[in-house]
Amino acid sequence: PVSSEGPETIFFDAVVRDFTADHPDFQSFDGHSEGMVEPQLGADKKPVFKGGLQLSNEENFNQWFRDVPGVNKRLDFQLDFNRTETGTYVHEDSRFFPIDGRGWKDSAIALDNQQHNFYFTMELHTTFVYQGGEQFTFRGDDDVWVFMNGNLVIDLGGVHDPMARTFDIDSLNVTEGSAVNLDFFFAERRCCGSEFRMETSITPVKGTCTIWGDPHIDVFDNGLFGRDKLEPLGIYTSGDYWLVKSEVVQIQARYGTTMFTPSGQSALLKLAVSGPFLQNHTLIIEPMDDGGVVTWDGEPILTEMPSEFVQPFTRIRFMEGEKHIDDVLKGYPVKLIQAYFTRNVVLTVNRWPKHIDAIIQMPQQLGGQDGHCGNFDFNVSDDTKELILARVGAAVPAEESLFPPSSEAEIEALRISAHNHREMSLADCTPEVKKLARQHCRQAMVAEGGSSKSHHLLRACMFDYCFAGKEFAAESAIVQHEMGEAEGV
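Residues numbered from 1 in each chain as written. Predicted model: local features only at pLDDT ≥ 70, side-chain atom pairs only at ≥ 80, totals over all residues. Heavy atoms only, no water.

With that settled, the discussion passes to the confidence of the model for the protein chain. Residues at a pLDDT of 70 or more form 85% of the protein chain, whose mean pLDDT is 86. Contacts of residues 324-330 to residues separated by more than four positions or lying in other chains number 16 contacts, the stretch itself having pLDDT below 50. (pLDDT = per-residue confidence, 0-100. Contact = heavy atoms within 4.5 Å.)

Below, the structure written as structure tokens:
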């Protein structure tokens, strides 16, 4: 589901490829020409060579945005955009040299009389939701080609002084709420200036994955772009599993039984977050009872409520959640962890006495991702329980685990849980209990400001009531309300 929030800074993942001045297309041409690439993007999401005065030949051009050993060096790069007073996002740099001292480490004297690494290309790809009225503006040098939905919309080809162009996204004639693919290609081909200014009112698609109850999992792709929502997944086994596995963002879950799940169904017992976006530090969040703590690299943090833990790349708060004055839910105080990370990742965790629920909000990851939260490829049909388990169904190997080694008691508890586990459905719930479950869940969902007409969420709540009890179901209703808030519902 898509978040409509407007953060102060957004990020686009990009790929920079460093070349040398010896390449035939670099430090060799001058002048601006349109029409050097075909008006449609290639099947591999790369510009298709058409030819022109500022290009040597097709073979050399095809090296620009592809990894070619000995010709270029690839460097992953994050482009940050800051929010303006008018609500647009801007990345502006009059000396745009993002790979100084990297790549081939060659350099030339620039207009600022400093040594800089010229001769590189950059590409970025993202998807955004068209809201109406958005624009995309670029000013800079040298070549720039911008494609939307595979069609060329800005053509600033050639080796030239800074040039500017604006594209009104309304002219794509797409329906509001539709997904639009953006593919951006840039080349810095000649000494001695490098100017880059990109301004836009678009923001990358940010999805939400919610893990709650027994646990139920609402994957990133579910309900994207206004599509109908499917029933959440039910993952009832115990052990350590990937929620999000990517090169940069890594999130793992530990599932296990609680006092509320004697039939072997599991709940979310611990959550671990790590990866390069946290400079490989590790955050672990546990429930409130039985000595549960929040740790950073194994050291307790947020030991009091309210409290805050701040690092250059994250801000984590422990605070009281919403008060529930309705008779149905007023006995369930929420103890909330809210974590804001770099790369537009936001984590919300309800710390209940014996388990936790979690909401993960993040943009799609460059290079792909997978886990119980799905692969976030904008196609929910490949995120069924069966397909996810086929891809990433195995428990996390010990050498990949973000959690510290389990105690003998934890290992024994997981062993017993696995032994007792059997798949359950609402059909296994007795008619009497099912009737009570439906009544309680409808009241709880309405009390949380939502609608009891959401068939999938009502069934999830009823499942929790049937097999884990009234208290567990009430906590599930609370996190469903928070899920709606996170999705902008």
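Summarising burial for strand S13 (residues 179-188): eight of the ten residues are buried, a large majority. Examined bridge by bridge, strand S7 (residues 120-129) and S13 share ten bridges and lie antiparallel to one another. Counterpart to Thr126 in the pairing with S13 is Leu182. Two elements, strand S9 (residues 144-148) and S13, share five bridges in a ladder whose sense is antiparallel. Within S13, the residue paired with Phe147 across the bridge is Asp183. (Buried < 20%, exposed > 50% of the residue type's maximum accessible area, 1.4 Å probe, protein only. Helix = DSSP H or I, 4+ residues; strand = E, 2+ residues; numbered from the N terminus. Pairing = 2+ DSSP bridges.)

Here we take up the state of the cysteines. Under the defined criterion, the tally for this structure stands at three disulfides. Between Cys209 and Cys373 runs a disulfide, and the two sulfur atoms are separated by 2.0 Å. For the disulfide bridge between Cys209 and Cys373, the dihedral angle about the S-S bond is near -80°, and by the sign convention the bridge is left-handed. Note that Cys209 is positioned in strand S15 (residues 206-212) and Cys373 in the loop between strand S28 (356-363) and helix H2 (385-392), a separation of 164 residues in sequence. There is no split in this pair, since Cys209 and Cys373 are both buried. Two residues share a disulfide in this structure: Cys429 and Cys466, whose sulfurs sit 2.1 Å from each other. Disulfide Cys429-Cys466: the torsion about the S-S bond is -80°, which places it as left-handed. Here Cys429, found in the loop between helix H3 (408-420) and helix H4 (431-447), pairs with Cys466, found in helix H5 (residues 455-468); they are 37 residues apart in sequence, far enough to count as distant. (Disulfide = S-S within 2.5 Å.)

Attention now moves to the sheet that holds strand S20 (residues 267-274). A sheet is described by the order of its strands in space; here six strands give the open sequence S18-S19-S20-S21-S22-S23, paired in antiparallel fashion. Two strands lie at the open edges of the sheet, namely strand S18 (239-245) and strand S23 (299-301), each paired on one side alone. Pairwise comparison of adjacent strand axes, ignoring direction, gives a mean angle of 25° for this sheet. Here seven bridges tie strand S19 (residues 250-256) to S20, and the two strands are oriented antiparallel to one another. Within the sheet, the bridge partner assigned to Gln250 lies in S20 and is Ser274. (Axes fitted to C-alpha atoms, helices over the stretch in contact; angles between N-to-C directions.)

Our next topic: the side chain of Gln63. Here Gln63 is to be found in the loop between helix H1 (58-61) and strand S3 (73-83). Residue class for Gln63 comes out buried when judged on its relative accessible area of 13%. Here His23 takes part through its side chain, which lies 2.8 Å from a polar atom of the side chain of Gln63. (Polar contact = N/O pair within 3.5 Å; in protein donor to acceptor, adjacent residues only side chain to side chain.)

Once that is clear, we can look at the packing of aromatic side chains. Counted under the stated rule, the structure contains 29 aromatic pairs. Seen from their ring centres, Phe19 and Phe26 are 4.9 Å apart, and the 20° between their planes marks the pair as stacked. On the basis of relative accessibility, which here comes to 0%, the residue Phe26 falls in the buried class. The interplanar angle of 50° and the centroid separation of 6.3 Å between the aromatic rings of Phe136 and Phe184 together place this pair among those described as tilted. Separated by 48 residues along the polypeptide, Phe136 in strand S8 (residues 135-140) and Phe184 in strand S13 bring together distant segments of the chain. Each member of the pair Phe136 and Phe184 is classed as buried. An aromatic cluster of three or more residues is present, and its members are Phe19, Phe26, Phe49, Phe61, Trp64, Phe65, Trp145, Phe147 and Phe185. Over the ring of Phe403 we find Arg254; its NZ or CZ atom is 4.7 Å from the centre of that ring. (Phe/Tyr/Trp six-rings, centres within 6.5 Å; stacked < 30°, edge-to-face > 60°. Lys NZ or Arg CZ within 6 Å of the ring centre and 35° of its normal.)

Attention now goes to the pattern of salt bridges. Counted by the stated rule, this structure contains 21 salt bridges. Between Glu123 and Arg17 there is a salt bridge whose closest N-O contact spans 2.5 Å. Of this pair, Glu123 sits in strand S7 while Arg17 sits in strand S1 (residues 9-18), placing them 106 residues apart in sequence. Between Asp44 and Arg66 there is a salt bridge whose closest N-O contact spans 2.7 Å. Of this pair, Asp44 sits in the loop between strand S2 (31-32) and H1 while Arg66 sits in the loop between H1 and S3; the two residues are 22 residues apart in sequence, bridging distant segments of the chain. Judged by its relative accessible area of 41%, Asp44 falls in the partly exposed class. Judged by its relative accessible area of 28%, Arg66 falls in the partly exposed class. (Salt bridge = Lys/Arg side-chain N within 4 Å of Asp/Glu carboxyl O.)

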